[in-house]
Amino acid sequence: METTRFYDRLPQDVQTFVDRQYRDAYALVDACRNPRTGLYGDAYMTMGVNPESRCSIAATGVGLIALCVADLEGWDDEAMAKAIVTLCGATGRVEGCRPARDAATGFFAHFVDMETGENLHSEISTIDTSLLVAGALFAGRHFQDRTPVIAEMADALLRSIDWRVVVADKHAGAIHMIVRNGRGTAPLPAFNEYVLVSYLALLGRPDDADIRELWERSFAEHRIPELPQARYRDIPVLTDATREGAFLSSFVHQFPFYLVGDYAKSPKYRQFFENACMADRLKWKEAVDVPSYVWGYGAGANDGLYPTYHADKINDAPGDIASAYIVAGFLPVYPAGVFDLYALYKLHIPYDRYANPERPEDEADFRAAYKYGLHRYSWRHLELPNRWYPEKVTVIDWSSMLYGFAAFKRGMAFFAERLPEAASIVAGFDDEMAG
C-alpha cells in the first residue's frame, strides 16, 4: 500500500500525532539555523543555547532540504529566501563568513565556525561535502519554477569541487573519506553512505573515466545486487564487508534511499532497504523484555548517559539505545512503524503533554529534552528514577525523521523528482559527445 494512502486511513489521534511530529521535525532543524549566515549547527542542544556555534557542513545540506519540505507544506513563507542565504553563506558570499575548504580540491571542512566559517579542528570530509551539495541540488530543483538562482548556485557549487580525488579503488568501489592537501586518504570499501559521494562525483564529472568506472562497476542501479552482503536470519543486507557478519547502522541504508536519485527510484534498492528494516526490527525482538515498538539502530550523541557519539548497529549497540528517527526513516517500506512511534509517544514520551507537579525539575528537563518530539532514547532509562534526558540531537542523524515523514505523507516522488539520475546524466553526456 502506498504510504500516502496509509496516512489517509490512520485513526484521527494517530494522524494528529504524525502531523505534529512531522512539523516538529522541521522545527528542530530550523532552530539550528544561523539567520545571518544561513549555516546550520551540528546539533540541537536540548540543555543549551541554539543555534550552537559549531556549524556542520552536512547539517547545512539537511537544512536546505528541510527548507524545501517547509515550503511544500506551507510552514515557512521565507523558505526560498532562506535557501538563498544558506547557499550564499556556504559558498563564502556572506560578508565575514568563508567556510573552510581544501584549496586544491574545494572539499569542505566537516565543522566550521557558524559566523566566520573557520575550520574548527576538523577533517576535510568527502561525505559531509557531498551531503551539502546534495541538499543544494535538491533545493535548486525544488525552487526552479520560481527562481533560477538557487539551481545556478547549486550547480556552481557542484562544479567547484574536484571530485576526481574521491576515487580510491575504482575496481572495488573504495572511496576516500578525507582530503589532505589536495590528496584523498582513508579509503572505505563499498557498501556504505559513500555511495552518495560516488553519485555526486559522477554528476559533477561525467567526463572522467575513473569516476565513471567507480560508479558503473560498483554503484550503478543494475550493480546493486552484486554489492557485498551480510545475512541476518537469512535476510540479505548490504554491507561494507570489512569482516564476516558485519552490519551497518540503519542510517547507512537510509541516506542513499533518499539522496541518490537512481536508488530512490530503484526496485532493487528498495528490496534491500526493506531487508535492512526487517533485520533491524528482528534483532531488537531478540532482546529480553523489550516491547515490539522499540527498535531502530541509529547513530547519535549519548551525552548524559555515556560520553561518546556512536553509530549503533546489529551486534554493536552499547547502552540499549534506540533511535525513533530510524523508524521514521523506514516508513516508506514499513508504514506500520508509525504505530510503533505512536506507542512510544503515548506510553513513554508524551512530549507535548507531560506534567510532573511533584517534581517540577523533572518536568522541565523532560520537556526540554523532547521539545521537538521523539528521538534517541535508552529503553533501560525511560522511566524515573533512572530517566535519561538526552542533551543534544545531531541534525544529520535527525534528518531521517524529516525525510521519512515527508515520504510517508507525500510519497517518495517528493524525493525522486528532485534528484537527478546518474544514468540519465551519463546518457546525456554520451549523446552530447557523440553529437
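See above for the structure.
(A) Spotlight on unusual backbone geometry. Across the junction of asparagine 50 and proline 51, the peptide omega takes the value -5°, indicating a cis bond. A cis geometry characterises the amide bond from leucine 384 onward to proline 385, with omega recorded as 5°. Residue placement: proline 385 occurs in the loop between β13 (376-378) and β14 (392-394). Unusually for a residue other than glycine, asparagine 181 sits at a positive phi of about 50°. Mapped onto the fold, asparagine 181 is located in the loop between β6 (174-180) and β7 (183-188). Of note in this structure, arginine 233 is not a glycine but carries a positive phi near 50°. By the secondary structure assignment, arginine 233 is in the loop between β8 (229-232) and β9 (235-238).

(B) The arrangement of the environment of phenylalanine 272 in detail. Here phenylalanine 272 is to be found in helix α11 (residues 267-285). Under the relative-accessibility criterion, phenylalanine 272 is labelled buried at 11%. As for phenylalanine 272 and glutamine 229, which are separated by 43 residues in sequence, their C-alpha atoms are 9.7 Å apart. With residues up to four places along the chain from it excluded, the contact list for phenylalanine 272 reads Ile224, Pro225, Gln229, Pro236 and Leu238.

(C) Structural context of the environment of aspartate 262. With respect to the helices and strands, the residue aspartate 262 is situated in helix α10 (residues 261-264). Aspartate 262 sits 81 residues away from asparagine 181 along the chain, and the two C-alpha atoms are 32 Å apart. Leaving out residues up to four positions away in the same chain, aspartate 262 has contacts with Tyr199, Trp215, Glu221, Pro420, Glu421, Ala422 and Ala423. For aspartate 262, the side chain forms a polar contact with the main-chain nitrogen of alanine 422, separated by 2.7 Å.

(D) Spatial organisation of the pairing of β6. With 5 of 7 residues buried, β6 lies mostly within the body of the structure. Where strand β4 (residues 124-125) meets β6, 2 bridges bridge the pair, whose relative direction is antiparallel. Residue pairing in the sheet places serine 125 in a bridge with isoleucine 178 of β6. Direction of pairing for strand β5 (residues 167-169) relative to β6: antiparallel, over a ladder of 2 bridges. Bridge pairing in β6 links aspartate 169 to alanine 174. The turn joining β5 and β6, which pair antiparallel and follow one another in sequence, is formed by 4 residues; a positive phi near 75° is taken by glycine 173. Relative to β7, β6 runs antiparallel, the two sharing 5 bridges.

Reading guide: rules and limits
Residues numbered from 1 in each chain as written. Predicted model: local features only at pLDDT ≥ 70, side-chain atom pairs only at ≥ 80, totals over all residues. Heavy atoms only, no water. Helix = DSSP H or I, 4+ residues; strand = E, 2+ residues; numbered from the N terminus. Buried < 20%, exposed > 50% of the residue type's maximum accessible area, 1.4 Å probe, protein only. Contact = heavy atoms within 4.5 Å. Polar contact = N/O pair within 3.5 Å; in protein donor to acceptor, adjacent residues only side chain to side chain. Pairing = 2+ DSSP bridges.

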